[in-house]
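# Fold and contact review
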Amino acid sequence: MRSDSRLSRMLHVLLHMARHDAPFTSEQLAQMLRTNPVVVRRTMAGLRDAGYVRSDKGHGGGWSIACDLHKVTLLDIHRAVGGPNIFAIGVESDNPECAVERAVNAALDGALREAEAILIARLGAVSLADLAQNFDALCSQHEAMAN
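Residues numbered from 1 in each chain as written. Predicted model: local features only at pLDDT ≥ 70, side-chain atom pairs only at ≥ 80, totals over all residues. Heavy atoms only, no water.

## Looking at the pattern of salt bridges
Evaluation of the coordinates by the stated rule reveals five salt bridges. Between Asp49 and Arg48 there is a salt bridge, with the nearest N and O atoms lying 3.7 Å from each other. By relative accessible area, which is 62% here, Asp49 ends up exposed. A relative accessible area of 34% places Arg48 in the partly exposed class. (Salt bridge = Lys/Arg side-chain N within 4 Å of Asp/Glu carboxyl O. Buried < 20%, exposed > 50% of the residue type's maximum accessible area, 1.4 Å probe, protein only.)

Printed below as a string of structure tokens:
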């Protein structure tokens, strides 16, 4: 099964936007992500509706950052792009009278809830500014190694 990469792809785009002075067109973003501009516009619309990016039409227009990177978390972006449930794993509830199903669900349910809570807390604790700072540090390291 293919994993949903909308969150990582949009974080990628947002970091580029945060470090670029000019807007990006949907076509430029599509080329960066190796996808179709229509897919980019559809996904970016969620970020625009949440106020994290803006889109300007016409010559020189495109997508650009519209938020304070310190105030937006990875969880905010996950929600804005319409990310799926944190886990695709779930419990079966077709036959609630079945003792086996109840035992399996009891074992999985708590573990899944705990894991989801940990991941949501972590995504909510990391801001776009934290991500940008890490990106800047990696770029500095790369430049130092090249010289």
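## Some words on the nonpolar core
Among the nonpolar cores identified, the biggest contains 31 residues, and Met17, Met44, Leu47, Ile77 and Leu128 are the most heavily contacted of them. Those elements that provide at least two residues to this core are helix H1 (6-18), helix H2 (26-33), helix H3 (37-49), strand S2 (62-65), helix H4 (74-80) and helix H6 (128-146). The element contributing the most residues to this core is H1, with seven residues. Apart from residues lying up to four places away in sequence, Ile77 is in contact with Leu7, Met10, Leu11, Leu14, Leu47, Tyr52, Val72 and Leu128. (Core = buried A, V, L, I, M, F, W, Y, C linked by side-chain atoms within 4.5 Å. Helix = DSSP H or I, 4+ residues; strand = E, 2+ residues; numbered from the N terminus. Contact = heavy atoms within 4.5 Å.)

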